[in-house]
Each structure stands twice: as C-alpha cells, then as structure tokens.
Amino acid sequence: MAVDFASSQTVCSYFDSRGSLQDNRATVSRSNRGVIRSPREKGEVMFQTRITQMLGIKYPIVGGTMASISNADFVAAISEAGGIGVLNSVMYQTKDEFAAALDRVRKLTDKPFAVNLNFFPARFPVSQSEYTEVMGRKGVKVVETSGHTAPPLELCKRFKELGMIWIHKCAGARYAVKAESLGADIVTVVGYENGGAVGRLEIGTLVMVPTVAQRLKVPLIGGGGVVDGRSMLAVLALGAEGVIMGTRLLATQECPIHSKLKQALINATEVDTMVIMRTVGAHRVWINETAKKCADVEAIGASFEEILNLVSGENSRKVYYEGELDRGVVPCGQGVGQIHDIPTVKELFDGMVKQASDIANRLAKS
Ligand SMILES: Cc1cc2nc3c(=O)[nH]c(=O)nc-3n(C[C@H](O)[C@H](O)[C@H](O)COP(=O)(O)O)c2cc1C
C-alpha cells in the first residue's frame, strides 16, 4: 500500500493531449525499437524514439506527475517546453474541478499532455472510472496509471475504447511485464533512486532499465535519478526510449512550490533523502523533521492511520505552499544532490538535450 502524500483525497488521473495528438500507435515502426535516431538540427542530436513519435512530443522527456504540484499551469509549461506534462488528477476533488483543470491545460498549450490516475491507497479516493469518462469527454489522449496495483481490467479496456494511449508506471520488472500483458501501450519503470514510491524490490535504475527493456515489446520510459543530459543519455543508452523526471523539476521557475523549499533542495546532497513507510508502501523523501518522525514511529510499530496523519497531503502542502519546511513529507530522489540552479523548464530541457547530444557526439568520436 502506498500513500497519497498530496491531497486530502487521492486518486490520480493524467492528462490528455489535445486534438493535435494523433493516435500514432499504428504508424510507429517496430523496427525503431531501442534505436535512438538522431536527425541533426543545428548540429544537435534530437533523440527521436517511438515515445516521441507516439506521444507527438519534441523531446523524449516526461515530467513525472507530482501530487499537489502537477497542476494545469505546471503541466502546460512542461508540455510547452517540448516534453510531456502529466496532470495529477488526485488534486481535484470533484469531476467539475478536474474538468476545469483539463480545460485550463488546453487553454495554455496546444501541445500533448497526459493525465495520471493514481492507484495508491487514498484517504478520500475519487472514482477512477468517473474521472476516465471525464477524460474521454474532454478528449484526453494519454492516460498514465501508477500505484501498487494495475488498474482493473474494465478500466484498461475503457482506455482503449476511448482511444487513449495508456502508459503504466511501476517499480519492478514483473509489474512492467504484467502491464504490457494487460495492454499498456507504453511502460514506465523507475529505479530505487527515484523520488516518491520506490517499490519493494530496491533495484537501482542502472539495473532496472535494461532488465525491463529486454523483456518488453512496447516502448519503455525509464527514470529514477534523471536530472540532466548525462543521466538522460545514460537511461536512453540502457534501452529506454524516453525518460521521466520528477525531483529535478521541483527546482524550476514554473514549479509552484515555495522558494524556501526550492533553495533547500538546491542545498541538499545525495545523502539527504531517506526511504520511509516501508510498512505501508515505501517512499523516498527529503530528510526533514516529519520524515524522521515517521521513521521513528514506524520503528515502534505505528499504525497505518498514525503514519497517514504524518504524511498527509495537507501537511505536505504546508511545506510546498507556505514554506514550513518541517511540517510534512516531500517526495525526493537521490538526484537532488545534482541540482544547483532554478532554470525555466524550457532552459532545463534544452540544456539537457544539448548536453546529452554533446556527450553522444564526443563518445562517438572517441
Ligand atoms: C514531489 C513528488 C511528488 C510525486 N508524486 C507522485 C504521485 O502523486 N504519483 C506518482 O505516480 N508519482 C509521483 N511522483 C514520482 C514522479 O512522478 C516520478 O516518477 C519520479 O519523481 C521520478 O524519479 P526522480 O524523482 O528521481 O526524477 C512524485 C515525485 C515527487 C518528487
């Protein structure tokens, strides 16, 4: 079981990508599998893969959904910058609020975006099937599911009926294979370094990504520790056709969190995260007073309810939006030690792709 950090209700859904997002599944050649094609544009490798083709995006970069953070404006900024943003549906407590958020994304960008449906345990879950119908009505074309379990079969079937590209995110090879067998069009896998749910297997990204890549036919998005062009290129080299990043995006201009938290993350190093909630669903978080307290109470057998009280979305939002840095938990990956500035999302993505391109060219010549 995992916990919804972010909202006083939970559930997630992802976004949709406008009418401009075509159903490219049929046209993406299987012969492209695992190949990073590199058409040059002003001397740069562009990293076109099945993921960029299927999703209709410029860069193979997914802005990982973040509860209480991935709102319409932030998602639109990520999509406008050439990646794909993922709206966190659990943030919206009613279907009307959720529908309004989808409208807002569309108002801000004509680029593809996705919506996350959350299958982690939630205190006040919304109906996934009702939110899926809202997405269908609003023309959402990409749905991402995540959680400790796969979505129910009826919902997997419904994604297809609604013509959505279905991405499932998980933290283990066996879950990835299962998602593909259930019909996922794309699978995302994250290693133990990642911020948020780390799963039970404790397999790092360097081993996780190639292990899963060689077991799947559908394209793979990999993550956990992706913060720059070096880590992006590494994950692509391991067999993923796209990368997902969450922690790095916290320290961007458009990220709606308090400047005190952004600065604290810049000051953090690779040892400033810890894994808590192993009894209810392990999550990697930034070390602060609440994270330490959570570990302490768990060590003496705290109940699910006691743990939930500490890690509630309400407490996290005090950190995110009021800058009360010790009031709640903040999911955070080990890559935090590599964050040194607060660029715009566009500066971040352009810089990553340039760095990855330069390294690829240098290695090719060596
Ligand atoms: C602050 C924060 C909140 C997150 N919330 C969610 C969430 O609600 N649902 C989810 O599926 N993943 C969530 N994640 C995981 C990200 O979507 C992404 O998979 C992960 O951050 C990638 O690893 P990285 O942090 O090393 O880049 C969260 C991550 C962070 C950092």
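Numbering of residues starts from 1 in every chain and runs along the sequence as written. In keeping with the model being predicted, local features are shown solely for residues with a pLDDT of at least 70 and side-chain atom pairs are shown and tallied solely at 80 or more, while totals for entire chains, interfaces and linings include all residues.

Engineer: I keep staring at the sheet that holds strand 6 (residues 142-147) and nothing clicks. Help me out?
Structural biologist: Strand pairing within a sheet occurs via backbone hydrogen bonds; the two strands may be parallel or antiparallel. Two strands qualify as a pair provided DSSP detects at least 2 bridges between them. Every helix listed is a DSSP run of H or I at least four residues long, and every strand listed is a run of E at least two residues long, numbered separately from the N terminus. The strand order around the closed barrel formed by eight strands is 3-4-5-6-7-8-10-11, and the pairing between neighbours is parallel. Recorded for the sheet is a direction-independent mean angle of 25 degrees between the axes of neighbouring strands. Every angle, taken between N-to-C directions, lies between 0 and 180 degrees, and every axis is a line fitted to C-alpha atoms, over only the stretch in contact when it is a helix.

Engineer: Help me understand helix 2 (residues 72-80) in this model?
Structural biologist: Every α-helix carries 3.6 residues per turn, so stepping three or four residues along brings you back to the same face. Counting other C-beta atoms within 10 Å of its own, a residue is labelled buried from 20 upward, exposed at 12 or fewer, and partly exposed in the gap between, with every C-beta atom placed from the backbone. Of all nine residues making up helix 2, seven are buried, and the element is well covered by its neighbours. Among all positions of helix 2, only Ala72, Phe74, Val75, Ala76, Ala77, Ile78 and Ser79 are buried. In this description, any two residues whose backbone-derived C-beta atoms lie within 7 Å of each other are considered to be in contact. Where helix 2 is buried, its residues contact strand 3 (61-63), strand 4 (84-88), helix 3 (95-108) and helix 14 (345-365). Residue glycine 82 follows helix 2 closely and has a positive phi angle near 110 degrees.

Engineer: What is the right way to read the sheet that holds strand 9 (residues 196-197) from this model?
Structural biologist: Ordered by their spatial adjacency, three strands build an open sheet running 9-13-12, and the pairing between neighbours is antiparallel. The sheet terminates laterally at strand 9 and strand 12 (273-276), the two strands that pair on one side only. Sheet topology note: the strand 9/strand 13 (residues 283-286) ladder contains two bridges and is antiparallel. By the bridge assignment, alanine 197 is partnered in strand 13 with histidine 283. Across the sheet, helix 11 (residues 289-299) is in contact with strand 12 and strand 13; its angle to strand 12 comes to roughly 35 degrees.

Engineer: Help me understand helix 11, please; the structure alone is not making it clear to me.
Structural biologist: Regarding helix 11, the residues found buried are Thr290, Ala291 and Cys294. Down the axis of helix 11, the sector holding all buried residues measures 105 degrees, keeping them to one side. With respect to the buried face of helix 11, the exposed residues turned more than 90 degrees away are Glu289, Asp296 and Ala299. Residues of helix 11 that are buried in the fold lie against strand 12, strand 13, helix 12 (304-311) and helix 13 (313-322). Two residues or fewer past helix 11, glycine 301 is found with a positive phi of approximately 80 degrees. In this context, the arc is that of the directions from the helix axis out to the C-beta atoms.

Engineer: Sorry if this is basic, but what is going on with the packing of helix 2 against helix 3 here?
Structural biologist: In a packed pair of helices, the relevant descriptors are the angle between the two axes and the axis-to-axis distance. One can describe the packing of helix 2 onto helix 3 by two numbers: an axis separation of 9 Å at closest approach and a directional angle of 35 degrees. The element helix 2 and its partner helix 3 pack so that their crossing is right-handed. Of helix 3, the residues touching helix 2 (which contributes Ala72, Asp73, Val75 and Ala76) are Ala101, Arg104, Val105 and Leu108. Under the scheme applied, nonpolar residues are Ala, Val, Leu, Ile, Met, Phe, Trp, Tyr, Cys and Pro; charged residues are Asp, Glu, Lys and Arg; polar residues are all the others, including Gly. A per-class count over the contact of helix 2 with helix 3 returns six nonpolar, no polar and two charged. Each crossing gets its hand from how the near helix is turned against the far one by less than a right angle, where anticlockwise is left-handed and clockwise is right-handed.

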